[in-house]
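Residue-level structure breakdown
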Amino acid sequence: MSEPFSVPVTVRGYETDVQGHLNQAVYLNYAEHARWTLLQAAGISQSALIGSGVGPVALETTIRYLRELLAGDEVEVTCAFRWGGGKTFRIEQSVVKADGTVAAEISAVGGILDLEKRKLVADPAAVFRKLASDPGMFGLP
């Protein structure tokens, strides 16, 4: 298996809480940033999704905080899609410090929403295969 997709992020001072730690909600922003960057790198734009009448939706997100992050810390936010059958898929992500220490693990369940019917599409992998110029970035043939 290849390395997961990743994007660099620097923790900014205004993202920290009173203890100087990265605020819990910001981890979600970092994860979302990595997911959208992966979509773009694979050739899927937000306008292409909307133009196709679909959009990604988050159904569940779990964050495990393992080590603190402080202002100025340089991290990589990874992103890997895991496919099963049915209408949903998993996205596994890590926030990794420059020294290789995993600061957080983020696990999400997602789907693709038909924007007209307001229901999940039956085969989200097919949507990614159709729209992506490089579906392999999602672990799809």
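One structure accompanies this document, and this report is about it. (Residues numbered from 1 in each chain as written. Predicted model: local features only at pLDDT ≥ 70, side-chain atom pairs only at ≥ 80, totals over all residues. Heavy atoms only, no water.)

**Some words on the overall build of the protein**
Basically, it comes down to this: Here a strand is any run of E in DSSP of at least two residues, a helix any run of H or I of at least four, and the numbering for each starts at the N terminus. As a reference, a globule follows 2.2 Å times the number of residues to the power 0.38, and the radius of gyration itself is taken over C-alpha atoms. Partly exposed residues are those whose accessible area sits between 20% and 50% of the maximum for their type, while under 20% is buried and over 50% is exposed, using a 1.4 Å probe and protein chains only. Should any heavy atoms of two residues lie within 4.5 Å, those residues are considered in contact. Here, Shrake-Rupley sampling with a 1.4 Å probe gives the accessible areas, and only protein chains in the shown set may cover a residue.
Counting its regular elements, the protein contains three helices and six strands. Along the chain direction, N to C, the helices and strands of the protein fall in the order β-α-α-β-β-β-β-β-α. Relative to the 2.2 N^0.38 estimate, which gives 14 Å for 141 residues, the radius of gyration of the protein is 16 Å and therefore close to what a compact globule would have. The buried share of the protein, reckoned over its 141 residues, is 38%. Partitioning the intrachain contacts of the protein with sequence separation of at least 6 by distance along the chain shows that 63% fall at a separation of at least 24. With the model as given, the accessible surface of the protein reaches about 7800 Å², and the carbon-plus-sulfur share is 52%.

**Topic: the pattern of salt bridges**
Note the cut-off: Salt bridge, as used here, is a side-chain nitrogen of Lys or Arg placed within 4 Å of a carboxyl oxygen of Asp or Glu.
The tally for this structure, following the rule as stated, stands at four salt bridges. Among the salt bridges present, the one from Glu92 reaches Arg90, with a minimum N-O distance of 3.2 Å. Judged by its relative accessible area of 34%, Arg90 is partly exposed.

**Considerations on helix 1 (residues 24–41)**
Worth spelling out the cut-off: The span expected for a helix works out to 1.5 Å for each residue beyond the first. Whenever a nitrogen or oxygen atom comes within 3.5 Å of another N or O atom, the pair is scored as a polar contact, on the condition that within protein one atom can donate a hydrogen and the other can accept it, and that pairs from neighbouring residues in sequence are kept only if both atoms are in side chains.
For helix 1, with 18 residues, the first-to-last C-alpha span of 27 Å sits near the 26 Å given by 1.5 Å per residue. Taken as a whole, helix 1 has its buried residues at Val26, Tyr27, Tyr30, Ala31, Ala34, Arg35, Leu38 and Leu39. In this structure, the buried residues of helix 1 make contact with strand 1 (5–10), strand 2 (54–65), strand 3 (74–83), strand 4 (88–97), strand 5 (102–114) and helix 3 (124–131). Taking the backbone nitrogen of Ala25 as reference, a side-chain oxygen 2.9 Å away marks Asn23 as the first, capping residue of helix 1. Positive backbone phi, approximately 95 degrees, marks Gly43, located one or two places after helix 1.

**Thoughts on the nonpolar core**
Just so we agree on the cut-off: Nine residue types can take part in a nonpolar core, namely buried Ala, Val, Leu, Ile, Met, Phe, Trp, Tyr and Cys, and a core is a set of them joined through side-chain atoms within 4.5 Å.
One finds Ile44, Leu69, Val77, Phe81, Val95, Phe128 and Phe138 to be the most contacted residues of the largest nonpolar core, which totals 37 residues. Every element with two or more residues in this core is listed here: strand 1, helix 1, strand 3, strand 4, strand 5 and helix 3. Among the elements that line this core, the one with the most residues is helix 1, at seven residues. When neighbours within four sequence positions are excluded, Val77 is seen to be in contact with Phe5, Ser6, Val7, Val9, Tyr30, Ala31, Ala34, Gln93, Ser94 and Val95.

**What about the pairing of strand 3?**
Here is the rule we go by: When DSSP finds two or more bridges between a pair of strands, those strands are recorded as paired.
In the sheet, strand 1 pairs with strand 3 via six bridges, with the strands oriented antiparallel. In the strand pairing of strand 3, Thr10 is matched with Glu74. Bridging between strand 3 and strand 4 involves seven bridges; their strand directions are antiparallel. By the bridge assignment for strand 4, Val75 is matched with Lys97. The antiparallel pairing of strand 3 with strand 4 creates a hairpin that spans four residues between the two strands, and Gly86 there sits at a positive phi of about 90 degrees.

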